Amino acid sequence: NAGVTQTPKFRILKIGQSMTLQCTQDMNHNYMYWYRQDPGMGLKLIYYSVGAGITDKGEVPNGYNVSRSTTEDFPLRLELAAPSQTSVYFCASGDRGSYGYTFGSGTRLTVV
Amino acid sequence: EDKVVQSPLSLVVHEGDTVTLNCSYEVTNFRSLLWYKQEKKAPTFLFMLTSSGIEKKSGRLSSILDKKELFSILNITATQTGDSAIYLCAGFAGGTSYGKLTFGQGTILTVHP
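In this report, the structure presented in the accompanying data block is examined. (Residues numbered from 1 in each chain as written. Chains lettered and ligands numbered in written order. Predicted model: local features only at pLDDT ≥ 70, side-chain atom pairs only at ≥ 80, totals over all residues. Heavy atoms only, no water.)

**So, the sheet that holds strand 1 (residues 4-7) of chain A**
Residue and element names in this part refer to chain A.
Consideration 1: The strand order across the open sheet formed by four strands is 1-3-8-7, and the pairing between neighbours is antiparallel. Where the open sheet ends on each side, the last strands, each with one partner, are strand 1 and strand 7 (64-66). In this sheet, neighbouring strand axes are inclined to one another by 20° on average, regardless of whether the strands run parallel or antiparallel.
Consideration 2: In this structure, strand 3 (residues 19-25) lies alongside strand 8 (residues 76-78), joined through three bridges in antiparallel fashion. In the strand pairing of strand 8, leucine 21 is matched with leucine 76. (Pairing = 2+ DSSP bridges. Helix = DSSP H or I, 4+ residues; strand = E, 2+ residues; numbered from the N terminus. Axes fitted to C-alpha atoms, helices over the stretch in contact; angles between N-to-C directions.)

Written as structure tokens, this is what we have:
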């Protein structure tokens, strides 16, 4: 049982480049989330989804886009990368009544 | 906008001490409060609280929720160096924001031998 899988684990981007962070879960969870975590800080919600075809903005959505075409996948797209997007990104999934929410191992992104 | 605030932001104690971490929340149609522990990598789940006044326990860790005061605490007794971590709490929203999970900024706990 793989849980929540994020790829890549590390990435360096140049300013203005674009990339997609992948997130896949195999637990048939309806709810999926993208967070960013800056050093010594908590988790800030970027986008979330309560089911396939449904997405909503979190606290810090600017500069990011998401899609949820299947229950399993919730990719996060960065367009025109900026140094302020240097962070560790976590994907999480869960379901109503589930005991907590499971996190992926994170993607460390540096924009130079 | 949903808001979760934790205090203190950091705490340094010695092994054997007891600590209390605080979490206050303002969450749309609040449904539940979750606590996580984060060491080097991804956060790991500790507790989910949905009812006021019912303590959840796991070994030396316990937590309780006060829905009237919009507050939760996480207690750790007889702390060990392995308890050193960031402790995060999160509020799960209902209503039109159903499913939104908002985290606080975390408490960095350091336990010295």
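We are not done yet, so read on.
**Re the state of the cysteines**
Consideration 1: A complete count under the given rule lists two disulfides over all chains for this structure.
Consideration 2: Put simply, Cys23(A) and Cys91(A) are joined by a disulfide, and their sulfur atoms are 1.8 Å apart. Disulfide Cys23(A)-Cys91(A): torsion about the S-S bond near -70°, hence left-handed. Taken together, the positions of Cys23(A) in strand 3 and Cys91(A) in strand 9 (residues 87-94) put the pair 68 residues apart, joining distant regions of the chain.
Consideration 3: Two residues share a disulfide in this structure: Cys23(B) and Cys89(B), whose sulfurs sit 2.0 Å from each other. For the disulfide bridge between Cys23(B) and Cys89(B), the dihedral angle about the S-S bond is near 85°, and by the sign convention the bridge is right-handed. Placement of Cys23(B) in strand 3 (residues 19-26) and of Cys89(B) in strand 9 (residues 85-92) is noted, with a sequence separation of 66 residues between them.
Consideration 4: Exposure remark for Cys89(B): the relative accessible area of 0% places this residue in the buried category. (Disulfide = S-S within 2.5 Å. Buried < 20%, exposed > 50% of the residue type's maximum accessible area, 1.4 Å probe, protein only.)

**As for the sheet that holds strand 6 (residues 56-58) of chain B**
Residues and elements named next belong to chain B.
Consideration 1: Within the open sheet, the five strands sit side by side as 1-3-8-7-6. Their pairing is antiparallel. A strand with exactly one partner marks an edge of an open sheet, and here the two such strands are strand 1 (3-7) and strand 6. On average, adjacent strands in this sheet sit at an angle of 15° to one another, irrespective of strand direction.
Consideration 2: Relative to strand 8 (residues 71-76), strand 7 (residues 61-66) runs antiparallel, the two being bridged by six bridges. By the bridge assignment for strand 8, leucine 61 is matched with isoleucine 76.

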